[in-house]
Amino acid sequence: MRNFVFHNPTKIIFGVDTTEEVGKESKNYGKRILLVIGQGSVKKIGLYDRVVKLLKEEGLEIFELEGVKPNPRVDLVRKGINMVRENNIDLLLAVGGGSVIDTAKAIAAGLTYEGDVWDLFKYRKPIKPTIPIGVVLTLAATGSEMNGNAVISNLETQEKLAISSPYIYPKFSILDPKNTASVPLNHTLYGIVDILSHVFEQYFDRVDDAILQDRFAEAIMKTVIETTPKIIKNPEDLNARTTILWCGTNALNGIIGVGKEQDWATHAIEHAISAIYDIPHGLGLAIVFPHWMKYVSDVIPHKFANFARNVWGITGDDDFEVGLKSIERLIDFYESIGVPTKLSKVGINDEKLEEMAEKATQFGPIGNTKKLAKEDVYKILQMCL
Ligand code: NZQ
Ligand code: ZN
């Protein structure tokens, strides 16, 4: 295992009805709050009214940035930065899913940068200390509620790029499973695919002796796979929602990735797809991951064998053979829950494969398990068709 520093500063407030804490918690960071929300779901489920009431009870002043779209746009981030400057905001409060949280993080990062915020993504300019972010999470998926990453799309350049900084971890995140019960089934399942994919990115690498991390990763995968049918059967099953919510946070809060090399090529490929075709992130991952697995399985056959035996219960002596079966089992699982695993099933043909491969590798070869150049990505995308 490699040496590591683990420092995750986000305070997690977890459980049914913890939304009630939002006023008191926010008050710790000042008086003027910019509420960042999406396209209306939080209003429909009554969460918006509840949060506003709780903030007002603490005497806080509320400003509002509404309209964050899935695959959140840099234009709205720019608008948010102006609002923070004009209104002397103390705290950004994201109430929503990963797209809303990432918008708040990008606003925070852009605020203390003298140029245009997109430079942070495109030219990887350094991110400086900034104002605090708080979160009320409504969708189990990205782990953004407990990490320092943000992913933003630029429609003009058709790019979707990420930043990462210790300064944009949320100060606190309220994880109330009740707030996730209304997520439509398709987005619930895309979230579940995203959670599994975060585990894959950290599990399928070349570090073999991070045993605890890999066992924890296997536990998350098994738990997610076992719990998904319960949510499909009853989307309001609060126990199942609670379980998935905590899996999502643990899949990308750093804990299963410490001491590991990790890969992340599949995320880069997916971001190139959703930058052009604006498909949900989890859907893109369900398509790319099994094909990436087939492309790299010869490098780490023992890892795929562990995945087969420890997660799916597949038996057999030949590591490579059982490993291949595990990939087929994953495809079957996704198809069985109604999530497609081919680009053609979401209306994408071979027209822009070259452009996607170029975008995915614009900063150089991607991934660690097998370094992927543009030609490799092109081949994987062809397999996805
Ligand atoms: O816009 P609203 O009305 O809020 O509706 C959203 C949206 O349509 C809806 N929704 C969310 N909570 C709901 C709800 N509908 C009913 N009830 C609720 N409680 O769900 C839809 C999807 O929301 P979104 O925030 O886009 O989903 P998600 O949380 O999956 O976030 C996806 C974004 O995060 C990025 C992805 O690339 C994508 O842009 N990622 C961020 C990461 C990070 N910061 O660490 C890592 C990930 O790998 C990922 O790349
Ligand atoms: Zn993801």
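Here is what the cut-offs are and how they apply
- For every chain, the first residue of the written sequence is number 1, and numbering continues from 1 along that sequence.
- Numbering of ligands from 1 and lettering of chains from A proceed in the order in which they are written.
- Residue-level local features of this predicted model are given only where pLDDT is at least 70; pairs of side-chain atoms are given and counted only at 80 or more, and the full residue set underlies all totals for whole chains, interfaces and linings.
- Hydrogens are left out, water is left out, and the side-chain values use all remaining heavy atoms of the structure.
- Secondary structure elements follow DSSP: runs of H or I no shorter than four residues count as helices, runs of E no shorter than two count as strands, and numbering proceeds from the N terminus.
- Under the convention used throughout, the expected extent of a helix is 1.5 Å for every residue step, that is, one less than its residue count.
- Relative accessible area decides the class of each residue, using a 1.4 Å probe on protein chains only: under 20% of the type maximum gives buried, over 50% gives exposed, and in between gives partly exposed.
- Distances define the donors: N, O and S atoms within 2.8 Å of the metal qualify, as do those within 3.2 Å of Na, K or Ca. Water is excluded, so some sites may look unfinished.
- As used in this record, nonpolar core signifies buried Ala, Val, Leu, Ile, Met, Phe, Trp, Tyr and Cys residues forming a set joined through side-chain atoms within 4.5 Å.
- Segmentation of the chain into domains, including their bounds, is taken from an automatic or database domain assignment.
- The contact criterion used is simple: two residues touch if any of their non-hydrogen atoms lie within 4.5 Å.
- Buried area: the accessible surface (1.4 Å probe) lost by two parts on joining, summed over both.
- Salt bridges are identified by distance alone: a Lys or Arg side-chain nitrogen within 4 Å of an Asp or Glu carboxyl oxygen.
- Distance and chemistry together define a polar contact, namely a pair of N or O atoms within 3.5 Å, with one atom able to donate a hydrogen and the other to accept it when in protein, and with adjacent residues in sequence counting only for side-chain atoms on both sides.
- Asp, Glu, Lys and Arg are counted as charged, while Ala, Val, Leu, Ile, Met, Phe, Trp, Tyr, Cys and Pro are counted as nonpolar; the rest, among them Gly, fall into the polar class.
- Note on aromatic pairs: the rings of Phe, Tyr and Trp (six-membered ring only in Trp) are paired at centre separations within 6.5 Å, and the planes decide the class, stacked below 30 degrees, edge-to-face beyond 60, tilted for the rest.

**Here's the deal with helix 7 (residues 185-203)**
Between the first and last C-alpha of helix 7 there are 27 Å, a value that for 19 residues agrees with the 27 Å anticipated at 1.5 Å per step. Judged by how many residues are buried, helix 7 sits mostly within the fold: 16 of 19 residues are covered.

**Here's the deal with the coordination of the zinc ion (ligand 2)**
Protein ligation of the zinc ion (ligand 2) involves Asp194 (OD), His198 (NE2), His267 (NE2) and His281 (NE2), the donor distances falling in the range 2.0 to 2.2 Å. Written as a sequence motif, the donor residues of the zinc ion (ligand 2) are D-x3-H-x68-H-x13-H. Of the two residues, Asp194 is situated in helix 7 and His267 in helix 10 (residues 265-277); the sequence distance between them amounts to 73 residues. Owing to a relative accessible area of 7%, His267 belongs among the buried residues under this scheme.

**Details of the nonpolar core**
Membership of the largest hydrophobic core comes to 104 residues, with the highest contact counts inside it found for Leu92, Phe200, Ile269, Trp292, Met293 and Tyr334. Ranked by residues supplied to this core, first place goes to helix 11 (residues 281-296) with 10 residues. Residue contributions to this core reach at least three from each of two domains, namely domain 1 (11-180) and domain 2 (185-384). Beyond its immediate chain neighbours, meaning those up to four positions away, Phe200 contacts Met221, Phe289, Met293, Phe307, Leu330 and Tyr334. The next biggest cluster of nonpolar side chains, apart from the first, holds 19 residues, and it includes Val22, Leu35, Leu47 and Leu93.

**A word on the domain arrangement of the chain**
On domain assignment, one finds that the chain holds domain 1 (11-180) and domain 2 (185-384). Computed from C-alpha coordinates alone, the two centres of domain 1 and domain 2 are separated by 26 Å. Tallying the contact residues gives 30 residues for domain 1 and 27 residues for domain 2. Roughly 2300 Å² is buried in total at the junction of domain 1 and domain 2, and carbon and sulfur atoms are behind 59% of that figure. Inspection of the region where domain 1 meets domain 2 yields 1 salt bridge. Asp278 is paired through a salt bridge with Arg73; the nearest N and O atoms lie 3.3 Å apart. Our count for the contact surface shared by domain 1 and domain 2 stands at 11 residue pairs in polar contact (both at pLDDT 80 or more). Looking at the side of domain 1 that touches domain 2, the elements with two or more residues in it are strand 1 (11-14), helix 6 (118-122), strand 6 (149-154) and strand 7 (159-164). When residues in the side of domain 1 that touches domain 2 are grouped by element, the largest group, 3 residues, is from strand 7. Looking at the side of domain 1 that touches domain 2, its residues break down into 14 nonpolar, 8 polar and 8 charged.

**Quick word on unusual backbone geometry**
Residues other than glycine seldom take positive phi values, yet Asn71 does so here, at roughly 55°. Relative to the assigned elements, Asn71 resides in the loop between strand 3 (61-65) and helix 4 (74-87). What makes Asn71 buried here is its relative accessible area of 8%. A positive phi angle, near 75°, is found at Trp264, a position not held by glycine. With respect to the helices and strands, the residue Trp264 is situated in the loop between helix 9 (238-251) and helix 10.

**Here's the deal with the packing of aromatic side chains**
Applying the stated criterion across every chain yields a total of 13 aromatic pairs. An angle of 65° between the planes, with centres 5.3 Å apart, marks the rings of Phe14 and Trp246 as edge-to-face. With a gap of 232 residues between them, Phe14 in strand 1 and Trp246 in helix 9 connect regions that are remote in the sequence. With relative accessibility at 30%, the residue Phe14 sits in the partly exposed group. Given a relative accessible area of 39%, Trp246 falls into the partly exposed group. Ring centres of Phe333 and Tyr334 lie 6.0 Å apart, and the angle between their planes is 45°; this geometry places the pair in the tilted category.

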